[in-house]
Every structure is written in structure tokens, then in C-alpha cells.
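In case you want the letters, here they are:
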Amino acid sequence: MVVGDGAREHAIAWGLRRSGVRIYAFMGHVNPGIAGIVEETGGFYRLGKITDRSEAVKVAEEVAPDLVVVGPEEPLFAGVSDALRERGFLTLGASSKAALIEMRKDVARRLQWRRKIPGRLIYGVFDDPSEAYSFAKALGSAAIKPVRQAGGKGVRVVYGEAKYLDDALDGVMARSAVEARGQLSAYSDAPPSVLVEEAVWGVEYTVQSLTDGESIFAFPPVQDNPHAYELGLGPECGGMGTVSPLPFIAPEEVEETISILKATVDAVRAELGVDYVGVLSGQMMLTALGPVVVEYYSRFGDPEALNALYLYDGDLYDLFLKAATGRLHAAERRFKQEYTVVKAIAPVGYPLDREAARGRRFRVDWDLLRREGCLAFFGSVVSAGGGAFETLGSRALEVLAAGSTPEEAYVKAERCASAVEGDGLYHRSDIGSPEYMASMRRKAELVRNVYRWRRGAGLAGERIVWEPGRGVVKIA
């Protein structure tokens, strides 16, 4: 039984179907792709509020599944996994306590510092936006965020190197602190606080993993592109496309990231008193300090999940079962020797004006997708009849292409993106292009040279920062 209704959950259902299991679903709206898989495998779906513990349990009692997979973060935060386990259902999904490392950024940072987990950043948490602004100003370059996960909203990164823009940057920092706090007005499960941390520069990447509380099973690294428009410009959103695996991230950097995730699982057990059973992802950045943790995810990313689940070349149901039953150490690491590019197709208006992004109709040229060997995963859409679909205000469709080289995967992904036919839709054509890959290689080499030199010179540790009320503080 799959809980969730986005492209990520469509990809999970697609992967499980290849294992030959019967699939059921609990969704907030009828995702056409998930509904099709459910019908093909002989299952059924139910609609409801996927963050409602009692509704999820009621559906599970009707289904009596061998395994429940909870896809999105908000059901995890709301304790859906806890409720299912309490009623005796084998469940793959972090408990609400373990999922705090995504839900509460202050919890995650505090955990990192208390347990000395590598890849941590200097940070502060403030109830008063003016104090948040003062700390951000002292850092010079800062990331200003709501203390709770708010779907990526309210996050601002301000680089302060351009001294001639000091006055303008001051204004941006001050407004960002107020806006970040304002994003929390919709949530009652977290304080209206602002987290400020040092801004870092480099190459972003994500390592997604399964964990049974002891072992880690990591998927190939993937790079998400969270900005809405070409060349990484525009507002941050849920992600407009991905590339995986990443030839510009060195194997030892991937291994360092996996060791960070393992240390985090151990820290959750030691500090929060629970075993982490589910998905743990590290959204990372390769910087002049080495790999650092930007954020944790307590689930697969979207669209990052598509790359990971396509590249896995084993029995996905068996892998999920091993993770849920404490036998992940026996899982075989089998991945296709291919490159993948995902393109998200979004309605105009997304992500700033969801109402404008609603109600846009489109069709899919399935013959073109089949000829090119591409896969399509539905997101925030419903069937409009007659083979057409209608957008609900967020990303509509995610197209995955694979090839023997990054360039082959990119060319196929661009051709397959054109299979989505309708007015008022857009995608980013730059993601995965040869120019894109070359720029990532250059950036990675630049920061790699710096962090390797720093480590070789013994300069990887100590830093100095000013904190409101404490003055100058030396931090290791």
C-alpha cells in the first residue's frame, strides 16, 4: 500500500509493480499514473486526507497489506507511520520522532553539533527577527529559513561579498527574517522561529538512502535543480529536474556523505531514542569546507526518487522489505550502468501563483515516449477525460530519460519533454545539457582544490563567529 499522490509515489508504485506485487494506494487526489498501476495489478485506491492517522489506518485495515510505504514528508510529520505500526502494519517510513530531522531544522543542526557529525554549519535560532537579522549581518553571507520545513518556502540565501550593495543587502536580510517567520503562521506544530546559518557556495547534490536503524543502503548521488527558471534563476520550488549519477562528484565524496548519513542514524537513536526506519536523504553541497549538509529529508526527493528507483536494478519490494524488517545488511547493491535526466513539466504560474497554474489542460504523445524509451510520472494533475489531463497548480508531469552517456540522456529527455502538448506549460531546457555538466565539473574542481588544500594544511576545523549576546566565539 502506497501513501501519497505525487510523481514520487507514482515512481514508487512503478518500481514495486516490477516486483510483481499487488498495489493499493491512499491518495489525496486521483493521480492517473498511480490509479492505472493499481488497476493493472488488481488493487484499489481510496481518497482522503493523507496526513490523517485514523484515515490511513482505516484504509490499511481494509487492504491488509504486507507492507505500507509512506511517500511524502507531511504524513511522516503527522505520525501516520507511527499509527500504522501501532496497529501492527509493517511500514517503511520514518517515525514522527525520527522525521524531526527534516521537519525541524533546529533539531537537525543541534543533533549535528551535539554528536559532532561532519558537514555541519554554524547556525543560530531566533524568535526575534531583528536578532536574526543581526546574526545574519555578522555572518556576512547567510541562509535565512523558517525553523520548520515549509515546502521550501521562505528560504533566502544572501551572499554579502559585494560591499557596494551593503545597504540593499541589509534590507534583503531584514525582510528575509520577517518573511521566514511569517511562513510559519500556517503551522501549529513548531515555534515561529527563524534559523540563520552560514551560506556556502559550491555544487549541490543529494544522496538518498534506506536505513533499518543500523545499516545504510545508498542510491547513486543525484543533483536536483530547485530554481524555477533557466540557468538556476527565479524562485525556489519543488525541483524542476534532476541528473544522476554525477561524474563531477568523486567516489570518496560520496563515501563521506554516506558516513554522515550513518552517523545521523546513530545520533537519532542516541539523542531522540528511536530507531530510524525508512528513507534518509542528505541534501548536500560540495564546498571549500568539503561536503556539508544543507538539509536532511526523511523521504525520497521529488524528482530525485525517479532517478534512484529507475537506476536500482534489483527487486524493489524485497529491498523495501529488508529495510522495514532490519535485514538491510543483506541487500545487494545492483544499479544500471546508465545516466538519467528528469525534466519536470510545470504550468505557468508555478510556483508563485498556484491559482494561475490551475486548470491548464494538456495531452501526452505516448507514442513518442515509447519510441524514445522514456518514462512519464504524474504529479499534481487529474484526468480531464478523452485522454487529456488538467493541472492542479503544481508540477504536472516528470519525464525520465536514460542513456549510456549524460549527453544521450539529455537529448532524449528534451525530445520526450516535447511529448507533453498543451498551452501554458514550461520546463527547463538547460538541466543536464553539456554546458550544464561542464559548469558543474568546473565548480566542483574549484571547491575540491580548496578543501583538499585546507585539509592537507590542517585548517579544516576551527572557525570564529560573532553571536548576539555572546560576542566572538571560536567554533571547532
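See the structure shown above.
Below, the structure is looked at part by part. (Residues numbered from 1 in each chain as written. Predicted model: local features only at pLDDT ≥ 70, side-chain atom pairs only at ≥ 80, totals over all residues. Heavy atoms only, no water.)

1. Things to note about the sheet that holds strand S4 (residues 68–70)
Strand order across the open sheet formed by five strands is S3-S2-S1-S4-S5, with parallel pairing between neighbours. The sheet terminates laterally at strand S3 (45–47) and strand S5 (91–92), the two strands that pair on one side only. (Pairing = 2+ DSSP bridges. Helix = DSSP H or I, 4+ residues; strand = E, 2+ residues; numbered from the N terminus.)

2. A look at the packing of helix H10 (residues 251–272) against helix H15 (residues 434–456)
The geometry of H10 relative to H15 is characterised by a closest axis approach of 13 Å and an angle of 70° between their N-to-C directions. Taken together, H10 and H15 sit at an angle that is classed as roughly perpendicular. Crossing hand, H10 versus H15: left-handed. Packed against H10, whose contacting residues are Glu-252, Glu-253 and Glu-256, the element H15 presents Arg-448, Tyr-451, Arg-452 and Arg-455 at the interface. The class makeup of the residues in the contact of H10 with H15 is one nonpolar, no polar and six charged. (Axes fitted to C-alpha atoms, helices over the stretch in contact; angles between N-to-C directions. Parallel < 35°, antiparallel > 145°, perpendicular 65-115°, else oblique. Left-handed = near helix turned anticlockwise from the far one by under 90°. Contact = heavy atoms within 4.5 Å. Nonpolar A, V, L, I, M, F, W, Y, C, P; charged D, E, K, R; others polar.)

3. So, the nonpolar core
Counting residues in each nonpolar core, the largest one holds 85 residues, and the members touching the most others are Met-1 and Tyr-296. Broken down by element, the residue count for this core peaks at eight residues, all from H10. Apart from the residues within four sequence positions on either side, Tyr-296 is in contact with Ile-101, Glu-102, Ala-108, Gln-112, Ile-117, Ile-260, Leu-261, Thr-264, Leu-280 and Ser-281. In terms of nonpolar packing, the next biggest core, distinct from the first, is built from 41 residues, Leu-92, Val-279, Ala-323 and Val-342 among them. (Core = buried A, V, L, I, M, F, W, Y, C linked by side-chain atoms within 4.5 Å. Buried < 20%, exposed > 50% of the residue type's maximum accessible area, 1.4 Å probe, protein only.)

4. So, the state of the cysteines
Linking two cysteines covalently through their sulfur atoms gives a disulfide. Taken as a whole, this structure holds one disulfide when the rule is applied. Cys-374 shares a disulfide with Cys-416; S-S distance 2.1 Å. Sign of the S-S torsion, about 80° for the bond between Cys-374 and Cys-416, identifies this disulfide as right-handed. Of this pair, Cys-374 sits in the loop between helix H13 (366–372) and strand S20 (375–378) while Cys-416 sits in helix H14 (residues 406–417), and the two are 42 residues apart along the sequence. (Disulfide = S-S within 2.5 Å.)

5. Focus on empty space enclosed by the protein
Evaluation of the coordinates by the stated rule reveals three cavities of 30 Å³ or more. Roughly 90 Å³ of internal volume is contained in the largest cavity. Along the wall of the largest cavity there are 13 residues; nearest its centre are Lys-105, Ala-108, Val-294, Glu-295 and Tyr-296. Taken together, the elements giving at least two residues each to the lining of the largest cavity come down to helix H6 (100–103), helix H7 (105–114), strand S9 (194–198) and strand S17 (290–297). Of the residues assigned to the lining of the largest cavity, the class counts are six nonpolar, one polar and six charged. Counted as a void, the second largest cavity has a volume near 70 Å³. (1 Å grid on protein atoms, 1.4 Å probe; cavity = no way out; pocket = protein on both sides within 12 Å on 5 of 7 lines; lining within 4 Å. Points joined across faces, edges and corners; volume = space filled by probe spheres on them.)

Everything listed here is a matter of coordinates, which is why it stays silent on function.
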